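Structure assessment
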Amino acid sequence: MTDEQLIAAARAAALKAYAPYSGFSVGCAILGEDGTLVTGANMENACYRLGICAEQSALTTAQHAFGLKNIARIAVAGGDGSGEALSGEQAVSPCGGCRQALLEASQLAGRDFTILCASGDGSRIERHRLSDLIPHGFGPANLSDAG
Ligand SMILES: [Zn+2]
């Protein structure tokens, strides 16, 4: 699967978002090492703070499908999902909470992840290492001294 195909899956997933409050739809596509593709989208709530991000939605499905430690590649895209295709010109990167959730999977996998961050229309693509998105992060490896 090419980067463009993975981003296309994230863009398609964003069209399934439930985002009536922000109007900002985000999709995340995660490819497992076995080739299984899972996706997620943001799901907002009338109680705003209960909204779920696309990345964490997809991570949950990834855990069920092939396990967090078997994640191979990740793409995120976001923008206006009210039309037939996702639109928007700015590349979207994971929020702070999702960076933390991705760090958990990264440390379980024992390697740094590259996150493909795309604009809604897919025209802009940024590649970020997770270690650059959340430097000095606190993850499961930091609990090794726990009793
Ligand atoms: Zn998030």
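Sequence order as written defines the numbering, with residues in each chain counted from 1. In keeping with the model being predicted, local features are shown solely for residues with a pLDDT of at least 70 and side-chain atom pairs are shown and tallied solely at 80 or more, while totals for entire chains, interfaces and linings include all residues. Side-chain measures were taken over the full set of non-hydrogen atoms in the model, leaving aside hydrogen atoms and water.

Applicable threshold: UniProt positions are given in the numbering used here, feature names are shortened, and annotations may be inferred rather than shown by experiment.
Per an unreviewed UniProt entry, the chain is named Cytidine deaminase, and its organism is Sphingomonas rosea. Among the UniProt annotations of the chain, the heading Sequence similarities (unreviewed entry) holds the following wording: "Belongs to the cytidine and deoxycytidylate deaminase family."

Focus: the overall build of the chain
Going by this rule: Runs of H or I in DSSP of at least four residues are treated as helices and runs of E of at least two as strands, each being numbered from the N terminus. Just to be clear, the radius of gyration here is over C-alpha atoms, and the globule rule we use is 2.2 Å times residues to the power 0.38. The rule is simple: take the accessible area with a 1.4 Å probe, protein chains only, and divide by the maximum for that residue type; under 20% is buried, over 50% is exposed, in between is partly exposed. Exposure was quantified through the Shrake-Rupley algorithm and a 1.4 Å probe, taking into account, for residues, occlusion by the shown protein chains and nothing else. For the purpose of counting charges, residues Lys and Arg are taken to be positive, whereas Asp and Glu are taken to be negative. His and the chain ends are not included. Charge placement uses NZ in Lys and CZ in Arg. For Asp and Glu, CG and CD serve respectively.
When you go through the chain residue by residue, the secondary structure sums to four helices and five strands. Seen in sequence order, the chain has helices and strands lined up from the N terminus as α-β-β-α-β-α-β-β-α. What you see for the chain is a C-alpha radius of gyration of 15 Å, in line with the 15 Å of a compact globule of 147 residues. In terms of overall dimensions, the chain has C-alpha extents of about 50 × 40 × 25 Å along its principal axes. By residue count, 39% of the 147 residues in the chain fall in the buried class. In the form shown here, the chain has an accessible surface area of approximately 7700 Å², with 50% of it arising from carbon and sulfur atoms. When the 10 positive and 15 negative side-chain charges of the chain are each reduced to one mean point, those points stand 2 Å apart.

Here's the deal with the packing of aromatic side chains
We count it as follows: Think of it this way: a Phe, Tyr or Trp ring, Trp meaning its six-membered ring, pairs with another when their centres are within 6.5 Å, and the plane angle makes it stacked under 30 degrees, edge-to-face over 60, tilted otherwise.
Taken as a whole, this structure holds one aromatic pair when the rule is applied. For the pair Tyr21 and Tyr48, a centre-to-centre distance of 5.3 Å together with 40° between the ring planes defines the contact as tilted. One end of the pair, Tyr21, is in the loop between helix H1 (3-14) and strand S1 (25-32); the other, Tyr48, is in the loop between strand S2 (37-41) and helix H2 (54-65), with 27 residues separating them in the sequence.

Here's the deal with the side chain of Arg99
For clarity, the threshold we go by: Salt bridges are defined as contacts in which a side-chain nitrogen from Lys or Arg sits within 4 Å of a carboxyl oxygen from Asp or Glu. A 3.5 Å cut-off defines polar contacts: any pair of N or O atoms within that distance qualifies, except that in protein one atom must be a possible hydrogen donor and the other a possible acceptor, and neighbouring residues in sequence count only when both atoms are side-chain atoms. Contact criterion: two residues are considered in contact whenever any of their non-hydrogen atoms come within 4.5 Å of each other.
Within the secondary structure, Arg99 sits in helix H3 (residues 96-109). For Arg99, which is buried and forms no salt bridge, the nearest opposite charge comes from Glu55, at a distance of 7.6 Å. Reaching out from Arg99, the side chain makes a polar contact with the backbone oxygen of Pro94 at a distance of 2.6 Å. If we skip the residues at most four places from it in the chain, Arg99 touches Ser93, Pro94, Leu130, Leu133 and Ile134.

What about the sheet that holds strand S4 (residues 114-119)?
The cut-off we apply is this: At least two DSSP bridges between two strands are needed for those strands to be called paired. Between the N-to-C directions of two axes lies an angle of 0 to 180 degrees, each axis being a line fitted to C-alpha atoms and, for a helix, fitted only over the stretch in contact.
Strand order across the open sheet formed by five strands is S2-S1-S3-S4-S5, with mixed pairing between neighbours. Two strands bound the open sheet, and with one partner strand each, they are S2 and strand S5 (125-129). Going across the sheet, the axis of each strand differs from the next one's by a mean of 20°, ignoring polarity. As defined by bridge partners, S4 adjoins S5 across five bridges and the pair is classed as antiparallel. In the sheet register, Ile115 faces S5, and the bridge partner there is His128.

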